[in-house]
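Next come the chains, spelled out residue by residue.
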Amino acid sequence: MISDETLDLAVKRAIISADQRDRITALAKTPPPLPADAEATAGDEPMRLVGGGNDLFVTVGIVLLFAGALFALQSFSGVTVPFTAITLGVFAWLVAEFVTRQRRMRLSSTVLGLGFIAAVLTLIGYYLEGRSEIRAIQTPAQIAVLRPQATFYALVLFGGTALAAVVHFLRFRVPIMAAVLALSFTGAAFFFATLYFYDGVTTGQVLMPTLDQLPDILSKALYVPLLCGFAVFGTAVAFDLHDRERFTVWSDCAFWLHVISAPLLVHPLFILATGQDVVFGEIEPGLSASVMLGLLIVGFVYVALAIDRRSLLVPTLAYFGSLGIYYLVNSAANTTGIPPFALILLVIGGMIILFGAGWQRIRRLIVGATLPTSLLTKLPPMKP
């Protein structure tokens, strides 16, 4: 069997591409065909998050090692926050050279990658705090003095985080960096949309909303996460179509992007479709809201089945389920009979059990029977 070091050397010498190396590695780790009695688990969505018991063991060691290093550095009075962040960031990078580049431990690599990003964010935050003197702000009105530099601060914060994620991914190809990148762009979109509204108020083009107008303003603001959610979801689907068999790192990147896109899509669509109060969280789901909620669930289920991604469906059902529980708890003292959301909870619970037992069979029955063959050939293949 060819070692990982040999494959990395082949990439450096341009004998094979990085994508071909990942495919070869994935093929070598592919288990043999399952026997007939294991058909029930053959179609599970790949969850390449943990590489085994040794990966978990090393991850615990990494957490303890870095926690000890952090406490040790903080025990010295002359050690500054930037020095601590730089030290731990460089340490995380060096450990990843062995754990990720040489051993390819998945969970450990994810923890090291997030630790590196945390160190970068700490450095950026310390720099911006010292430059803007934000600690001197005592009242909300004083925040206005930060406006002239706000664009620069946002570019440093979100751009620096995105750049760190890209550099780390190019070196180590850790999939969770795709989620970090998506969150950076989403945060930048929120921030610049807020600045756009603020500038309209200060120039007199937009009047400050009254308390009665605030729900309408916030409802319109939901279009920002909705558009970001569609962008992240579209990128994830593009990765899935690029790797229909899900052998490469791009499939793992798509997994994290689906996890990020689901909350960005679900909440705005629920609020816009049902007209609920987005200011104080008032949830009054009558019959029409429950019908719209049911249609949203059906839509997300169908899309998740089509692209064969339960990672999109789990956050969606968790959101709708927690929403139903919230309503039931707050209305239990004043409601008789069966509330509409109680039925939604029953449906969600039954769907989770049903899909968990026969995801691929349901996918063949629903998606295979409703989509044309020309489109099915571009989606992830139907599994037995």
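**Q** Outline the overall build of the protein, listing residues and values.
**A** Regarding its fold elements, the protein presents 14 helices and 0 strands. Counting helices and strands in the order they occur from the N terminus, the protein gives α-α-α-α-α-α-α-α-α-α-α-α-α-α. Within the protein, contacts between residues at least 6 apart in sequence are counted, and of these 72% link residues at least 24 apart. Accessible surface, the protein as shown: approximately 21200 Å² in total, 71% of it carbon and sulfur.

**Q** Give a detailed account of the packing of helix α4 (residues 81-99) against helix α5 (residues 106-132), specifying residues and quantitative values.
**A** Remark: α4 packs on α5, axes separated minimally by 9 Å, with the N-to-C direction vectors making an angle of 155 degrees. Comparing their axes, α5 and α4 come out roughly antiparallel. Note that α4 runs across α5; the crossing there is left-handed. Residue-level inspection shows Val81, Pro82, Ala85, Ile86, Gly89, Ala92, Trp93, Val95, Ala96 and Val99 of α4 in contact with α5, the latter providing Ser108, Ser109, Leu112, Phe116, Ala119, Thr122, Leu123 and Tyr126. Among the residues forming the contact of α4 with α5, the class breakdown is 14 nonpolar, 4 polar and no charged.

**Q** Quick one: what's the story with helix α1 (residues 4-12), residue by residue and with numbers?
**A** Taken together, the buried positions of α1 are occupied by Leu7, Asp8 and Ala10. One side of α1 carries all its buried residues, which in axial view fall inside an arc of 155 degrees. With its phi angle positive at about 60 degrees, Ala14 sits one or two positions after the end of α1.

**Q** Requested: an account of the environment of Thr370, with residues and values cited.
**A** Checked against the element boundaries, Thr370 lands in helix α13 (residues 340-370). Taking the C-alpha atoms as reference points, Thr370 and Ala306, separated by 64 residues in sequence, lie 10.0 Å from one another.

**Q** Go over the nonpolar core with me, naming the residues and quoting the values.
**A** Among the nonpolar cores identified, the biggest contains 40 residues, and Phe66, Val99, Leu112, Ile117 and Met177 are the most heavily contacted of them. The set of elements that each furnish at least two residues to this core consists of α3 (53-74), α4, α5, α6 (147-172), α7 (176-202), α9 (223-242) and α10 (249-274). The element that contributes the greatest number of residues to this core is α10, accounting for 8 residues. Formed by 30 residues, the second largest nonpolar core is a distinct cluster that contains Val237, Ile348, Met351 and Val367.

Cut-offs applied
- Residues numbered from 1 in each chain as written.
- Predicted model: local features only at pLDDT ≥ 70, side-chain atom pairs only at ≥ 80, totals over all residues.
- Heavy atoms only, no water.
- Helix = DSSP H or I, 4+ residues; strand = E, 2+ residues; numbered from the N terminus.
- Contact = heavy atoms within 4.5 Å.
- Areas by Shrake-Rupley, 256 points an atom, 1.4 Å probe, with all protein chains shown as cover.
- Axes fitted to C-alpha atoms, helices over the stretch in contact; angles between N-to-C directions.
- Parallel < 35°, antiparallel > 145°, perpendicular 65-115°, else oblique.
- Left-handed = near helix turned anticlockwise from the far one by under 90°.
- Nonpolar A, V, L, I, M, F, W, Y, C, P; charged D, E, K, R; others polar.
- Buried < 20%, exposed > 50% of the residue type's maximum accessible area, 1.4 Å probe, protein only.
- Arc of directions from axis to C-beta.
- Core = buried A, V, L, I, M, F, W, Y, C linked by side-chain atoms within 4.5 Å.

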